[in-house]
Amino acid sequence: MHCYFFGSTANQLFGAYHPPPIAKDKMIGVLICNPAGHEYLRSHWALRQLAVRLSGDGYHVLRFDYYGTGDSAGSTAKSDPEQWVADIQTAAEELRNIAGVQRINLIGLRLGASLALEASGNINNIKKIILWDPLVAGSDFSLQLREFYEKMCDHVDYSPSGREPEQGKLPEQLLGLFLSKKMIAFIEKDSILDHIAACSRRLSIVFSSLDTVSEEDFKTIEKLPDEKCICQVIEDQGDWHSFNDIANIIYPNTIIQHIRKDILL
Amino acid sequence: MNYLEKIAIFGNQKNLIGVVSLPGDAARPNSSIAVILLNAGLVHRVGPNRMNVDLSRDFAEKGFVSLRFDLSGIGDSTSSAGGVAENERNVTDISEAMTYLSATYGINQFVLIGLCTGADNAHRAAVKDPRVAGAVFLDGYRFPTWNYYLRRYGPVFLNPVRLLSSVYRRFVLRFSGTEGEETKQEDSVFGWKLPPKEVVAGELQLLVDRSVHLFYIFSGEVLECFNTDEFRKTFKSIHFGKYLQVKHFPDSSHTYSFPEDMRRLRTSLSDWLQKSFPT
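Throughout what follows, the structure given in this document is the object of discussion.

What counts as what
Residues numbered from 1 in each chain as written. Chains lettered and ligands numbered in written order. Predicted model: local features only at pLDDT ≥ 70, side-chain atom pairs only at ≥ 80, totals over all residues. Heavy atoms only, no water. Helix = DSSP H or I, 4+ residues; strand = E, 2+ residues; numbered from the N terminus. Contact = heavy atoms within 4.5 Å. Areas by Shrake-Rupley, 256 points an atom, 1.4 Å probe, with all protein chains shown as cover. Pairing = 2+ DSSP bridges. Axes fitted to C-alpha atoms, helices over the stretch in contact; angles between N-to-C directions. Parallel < 35°, antiparallel > 145°, perpendicular 65-115°, else oblique. Nonpolar A, V, L, I, M, F, W, Y, C, P; charged D, E, K, R; others polar. Phe/Tyr/Trp six-rings, centres within 6.5 Å; stacked < 30°, edge-to-face > 60°. Buried < 20%, exposed > 50% of the residue type's maximum accessible area, 1.4 Å probe, protein only. Salt bridge = Lys/Arg side-chain N within 4 Å of Asp/Glu carboxyl O. Polar contact = N/O pair within 3.5 Å; in protein donor to acceptor, adjacent residues only side chain to side chain. Left-handed = near helix turned anticlockwise from the far one by under 90°. Core = buried A, V, L, I, M, F, W, Y, C linked by side-chain atoms within 4.5 Å.

Quick notes on the overall build of chain B
Stage number 1. Regarding its fold elements, chain B presents 9 helices and 8 strands.
Stage number 2. Long-range contacts, defined here as pairs at least 24 residues apart, represent 73% of the contacts in chain B between residues at least 6 apart.
Stage number 3. Accessible area of chain B: about 12,300 Å², with a carbon and sulfur share of 54%.

Structure below.
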């Protein structure tokens, strides 16, 4: 694994490149698109494990942090979803340059899935896009963030001055995710079904449980033709909706194994 | 932005990964010490709410070289070979971080900063390695006194409504299978074991004898109603003098989840660092 900074000097991005063993080299790249906020911290180990396993299988894998997140340049307050979409495009180009590959796969987890889909329109030669626990309806994610915020405020019985959530509003920053008006608008208008309709690439969706998607939406996605989108539920750790789990690292070994097989198809 | 950052790969087995934040051209460099920020639990080097990234950049802008890195087996650092116990391995990793910074930047004294298990590791490494000149413990070792328990629980017992509510939350809900969120939070990544007070007292005396600057900060989530004088009273045989500072942020959560709390923490740490280790 090689950790390094890439991109422009003003907007340098942290990257971790996992090359394959020479004997197994498939000459195909995989770009991993992170989730955001606390979900980024929870899944860091899992995405690293995924990268290690995929590189062992013969892929050139690049993990990276969006601008204003992780070890990349920029303060959290400068987080901008449009910038993050551009960062994915920059990272795809970087992966081609560093690995010498042409075809790449995109893997997006949670908000990373939405960003990957947005970015894919300007990335050539994508073999497959794998969406892991995507935000099916951004408005649901926005509602969940509001619930988390209220619970965080309720939880502060240690605080002498207390904390009152502003009714109907979100704070400037919640669990590591900067909630500018632009970010909230991006999240709230996000819809996996709209993305699928607009996307011309082959998609594969995996849900860690049916808790992350409504029954109606799941049935709609399931009915899409296989050549457009294949959707599966692989029961594994995620619990993205659980406030009790916001600090817990996930170890989704079953889903990692599933993605390793799925990416071959 | 008055800093620049570089990747650090180091350790005898070259398995440790970190990011060094260096003062930019406009910052007045302070080469007396470098700061090392440790993992909190299993969270990788960026820290909860990106705490370690923000702190290391703050320090770099104030002229201090700072390193945030992953201990063996955490984040991007691979496990080290050798089968050594975890506590011992963590102290070795921190020692290797100091050796790396000395060899690369010529700095020979260090301040360690750790939250929770990071505070535990900072204490152990500070005791073992004489190169540690300062340490910050965020929700580190605490030994509440009788006065603390009186302040914390006295109002509950004197108020029948609060007493009934507390009993309900702690016993009735637990046995009904609907545990409170505070008990479930204990299962998260931030668990560790407090050493015996006598052992810690002996170690703190050793650190004070070495003139190590110690800064303890406790959050309200971990320690309600805390009186900062109590820390000195807990260890009354130790003459800390100017080498101890204790702060309590009663409104803050363990990981400084609210932005205003994080800003206050960052300011407190920068101020302490500059005052304790002037250029």
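Once the structure has been displayed, the description carries forward.
A closer look at the sheet that holds strand 3 (residues 29-33) of chain A
Residues and elements named next belong to chain A.
Stage number 1. Ordered in space as 1-2-4-3-5-6-9-10, the 8 strands form an open sheet in which the pairing is mixed. Each edge of the open sheet is held by one strand with a lone partner, namely strand 1 (2-6) and strand 10 (229-233). Neighbouring strand axes in the sheet, compared pairwise and without regard to direction, differ in orientation by 20° on average.
Stage number 2. Here strand 9 (residues 203-207) runs beside strand 10; their pairing, made up of 5 bridges, is parallel. Paired with Ile205 across the bridge in strand 10 is Cys231.
Stage number 3. Sheet strands in contact with helix 1 (residues 38-56) are strand 2 (13-18), strand 3, strand 4 (60-64), strand 5 (104-109) and strand 6 (126-132), and its direction is about 165° off that of strand 4.
Stage number 4. The sheet contacts of helix 8 (residues 253-262) involve strand 5, strand 6, strand 9 and strand 10, and relative to strand 6 the element is tilted by about 160°.

Regarding the packing of helix 2 (residues 81-99) of chain A against helix 5 (residues 181-189) of chain A
Residues and elements named next belong to chain A.
Stage number 1. Their axes nearest at 9 Å, the elements helix 2 and helix 5 cross at an angle of 70°. Taken as axis vectors, helix 2 and helix 5 run roughly perpendicular relative to one another. Two secondary-structure elements touch here, helix 2 through Pro81, Glu82 and Trp84 and helix 5 through Lys182, Met183 and Phe186.
Stage number 2. When grouped by side-chain class, the residues that make up the contact of helix 2 with helix 5 number 4 nonpolar, no polar and 2 charged.

Here's the deal with the packing of aromatic side chains
Residues and elements named next belong to chain B.
Stage number 1. Counted according to the given criterion, the structure contains 19 aromatic pairs over all chains.
Stage number 2. Pairing Phe143 with Phe235 gives two aromatic rings, centres 5.8 Å apart and planes at 90°, and the pair type is edge-to-face. Here Phe143, found in the loop between strand 6 (132-138) and helix 4 (146-158), pairs with Phe235, found in the loop between helix 8 (229-234) and strand 8 (244-249); they are 92 residues apart in sequence, far enough to count as distant.
Stage number 3. Its relative accessible area of 16% is what places Phe143 among the buried residues.
Stage number 4. Of the aromatic side chains, those joined through ring pairs into one cluster are Phe137, Phe143, Tyr216, Phe218, Phe231, Phe235 and Phe240.

Here we look at the interface of chain A and chain B
How big an interface is tends to be stated in terms of accessible area lost as the parts join.
Stage number 1. Contact residues are listed per partner, giving 42 residues for chain A and 43 residues for chain B.
Stage number 2. Across the contact surface, chain A and chain B share 5 salt bridges.
Stage number 3. Measuring nitrogen to oxygen at the nearest pair gives 3.4 Å for the salt bridge that ties Glu172(A) to Arg263(B).
Stage number 4. Here chain A and chain B share 16 residue pairs in polar contact (both at pLDDT 80 or more) between them.
Stage number 5. Among the secondary structure elements, those contributing two or more residues to the side of chain A that touches chain B are strand 1, helix 1 and helix 4 (138-155) of chain A.
Stage number 6. If you tally residues by element for the side of chain A that touches chain B, the top one is helix 4 of chain A, at 5 residues.
Stage number 7. Class assignment for the residues of the side of chain A that touches chain B results in 19 nonpolar, 16 polar and 7 charged.

What about the packing of helix 1 of chain A against helix 8 of chain A?
A packed helix pair is summarised by two numbers, namely the angle formed by the two axes and the spacing between the axes.
Residues and elements named next belong to chain A.
Stage number 1. Interhelical geometry of helix 1 versus helix 8 gives an angle of 35° and a closest axis separation of 10 Å. Every pair of crossing elements has a handedness; the one defined by helix 1 and helix 8 is right-handed. The segment helix 1 lies against helix 8, with Trp45, Ala46, Gln49, Leu50, Arg53 and Leu54 engaging Asn253, Ile256, Ile259 and Arg260.
Stage number 2. Its residues assigned to classes, the contact of helix 1 with helix 8 comprises 6 nonpolar, 2 polar and 2 charged.

A few points about the pairing of strand 2 of chain A
All names here are of chain A.
Stage number 1. With 6 of 6 residues buried, strand 2 lies mostly within the body of the structure.
Stage number 2. Where burial is concerned, the two faces of strand 2 agree: the one with Leu13, Gly15 and Tyr17 and the one with Phe14, Ala16 and His18 are both buried.
Stage number 3. Here 5 bridges tie strand 1 to strand 2, and the two strands are oriented antiparallel to one another. By the bridge assignment, Phe5 is partnered in strand 2 with Phe14.
Stage number 4. In terms of strand pairing, strand 2 meets strand 4 through 4 bridges, oriented antiparallel. Residue pairing for strand 4: Gly15 is matched across the bridge by Phe64.

Topic: the nonpolar core
Stage number 1. Grouped together as the largest cluster of nonpolar side chains are 65 residues, with contacts concentrated most on Leu31(A), Ile88(A) and Leu179(A).
Stage number 2. Per-element accounting of this core gives the leading share, 7 residues, to helix 2 of chain A.
Stage number 3. Look past the residues within four positions of Leu31(A) in its chain and what remains in contact with it is Leu62(A), Phe64(A), Ile88(A), Ala91(A), Ala92(A), Leu95(A), Asn105(A), Leu106(A) and Ile107(A).
Stage number 4. Judged by nonpolar contacts, the second largest core, of 47 residues, contains Leu38(B), Ile74(B), Leu101(B) and Ile107(B).

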